[in-house]
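# Structural overview
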Amino acid sequence: MSATSTRLGGRCLKLGDDVNTDEIIPGRYLRTIDPAELAPHALEPLGEDVQRRLRESRVVVAGRNFGGGSAREQAATCLIGAGVQAVVAVSFARTFFRNSINTALVAVECPPAVAAVEDGDELFVDAEAGTVEVGGERFPFPPYPPELRRILDAGGLIPSLARDLREGA
């Protein structure tokens, strides 16, 4: 099953606007790209309570400009290591969005879903159907273009390129 053809989600951690990459993963931990090593430090600057709630969650929900700041792939990777399956936000910084796709973290812009969800609620993303479900309500979002779906379905950019090489594409 692929990232775009399965229903992803569960309990969510809801954050506000302008959560930047320094808050997602502080620069002092950028010596590695290993998701397991990065995960304990995910959202560390936001405090122990936020980190505890992150460990209990499968989806991060945020306001505007999630992932702004410096361009670091580890911001998406640490969330994957922490067990996050998807990020739903009002908007993303472009680099964070692309790094999410490249690391196979589903990132969805869906302002109505963000407005409808509370911290700790259950939220599910169906990337193939283009919906976010919160409390029995479904909110549509624009579907991923075919090339981004191919990258997600392969498990990220590097696996996608490896598959293309094997297939002679």
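Residues numbered from 1 in each chain as written. Predicted model: local features only at pLDDT ≥ 70, side-chain atom pairs only at ≥ 80, totals over all residues. Heavy atoms only, no water.

## With respect to unusual backbone geometry
One non-glycine residue, D18, adopts positive backbone phi at about 60 degrees. Following the sequence through the fold, D18 ends up in the loop between strand 1 (7-14) and helix 1 (21-24). With a relative accessible area of 47%, D18 lands in the partly exposed category. The phi dihedral of A104 falls on the positive side, at around 70 degrees, and the residue is not glycine. Residue placement: A104 occurs in the loop between helix 5 (94-102) and strand 4 (106-109). For A104, a relative accessible area of 22% puts it in the partly exposed group. (Helix = DSSP H or I, 4+ residues; strand = E, 2+ residues; numbered from the N terminus. Buried < 20%, exposed > 50% of the residue type's maximum accessible area, 1.4 Å probe, protein only.)

## Structural notes on the packing of helix 5 against helix 7 (residues 146-154)
Where helix 5 contacts helix 7, the axes come no closer than 8 Å and their chain directions differ by 50 degrees. Relative to helix 7, the element helix 5 is oriented oblique. Here helix 5 contributes F97, R98, I101 and N102 to the contact with helix 7, which in turn contributes L148, I151 and L152. Broken down by class, the residue content of the contact of helix 5 with helix 7 amounts to five nonpolar, one polar and one charged. (Axes fitted to C-alpha atoms, helices over the stretch in contact; angles between N-to-C directions. Parallel < 35°, antiparallel > 145°, perpendicular 65-115°, else oblique. Contact = heavy atoms within 4.5 Å. Nonpolar A, V, L, I, M, F, W, Y, C, P; charged D, E, K, R; others polar.)

## Observations concerning the sheet that holds strand 3 (residues 86-89)
Pairing within the open sheet is mixed, and its seven strands lie in the order 4-3-2-1-5-6-7. On the outer flanks of this sheet lie strand 4 and strand 7 (137-140), each paired with one strand and no other. Taken over all neighbouring pairs, the strand axes of this sheet differ in orientation by 30 degrees on average, direction set aside. Where strand 2 (residues 59-62) and strand 3 come together, four bridges link them in parallel fashion. In the sheet register, V60 faces strand 3, and the bridge partner there is V87. (Pairing = 2+ DSSP bridges.)

## Considering the environment of N20
Structurally, the position occupied by N20 is in the loop between strand 1 and helix 1. When the C-alpha atoms of N20 and F97 are compared, they prove to be 12 Å apart, with 77 residues separating the residues in sequence. Excluding residues that lie within four positions of it along the chain, N20 makes contacts with G67 and G68. Polar side-chain contacts of N20 include one of 2.8 Å to the backbone nitrogen of D22. (Polar contact = N/O pair within 3.5 Å; in protein donor to acceptor, adjacent residues only side chain to side chain.)

## What to know about the pattern of salt bridges
Inspection of every chain in the model, using the stated rule, returns 12 salt bridges. Where E147 meets R150, a salt bridge forms, and the shortest distance between an N and an O atom there is 3.7 Å. Taken as a pair, E147 and R150 lie in helix 7 at a separation of three residues, close to a single helical turn. One network of salt bridges, in which partners are shared, links R11, D49, R52, R53, E56 and D119. (Salt bridge = Lys/Arg side-chain N within 4 Å of Asp/Glu carboxyl O.)

## Observations regarding the pairing of strand 7
In this structure, strand 6 (residues 131-134) lies alongside strand 7, joined through four bridges in antiparallel fashion. Counted as the bridge partner of V132 is F139 from strand 7. Hairpin connection between strand 6 and strand 7: a loop of two residues separates the two successive antiparallel strands, and G135 in this loop has a positive phi of roughly 55 degrees.

## As for helix 8 (residues 157-167)
The α-helix advances 3.6 residues per turn, and as a result positions three or four apart in sequence lie on the same side. What helix 8 keeps buried is the set S160, R163 and D164. Viewed along the axis of helix 8, the buried residues span an arc of 100 degrees, placing them on a single side of the element. Exposed side chains of helix 8 directed beyond 90 degrees from the buried face belong to I158, L165 and R166. (Arc of directions from axis to C-beta.)

## Some remarks on the pairing of strand 6
Of the two faces of strand 6, the one holding T131 and E133 and the one holding V132 and V134 are both buried throughout. The pairing of strand 5 (residues 122-126) with strand 6 spans four bridges and is classified as antiparallel. In the sheet register, D126 faces strand 6, and the bridge partner there is T131. Counted between consecutive antiparallel strands, the loop separating strand 5 from strand 6 contains four residues, among which G130 sits at a positive phi close to 75 degrees.

Keep in mind that these numbers describe shape and distance, not what the molecule does.
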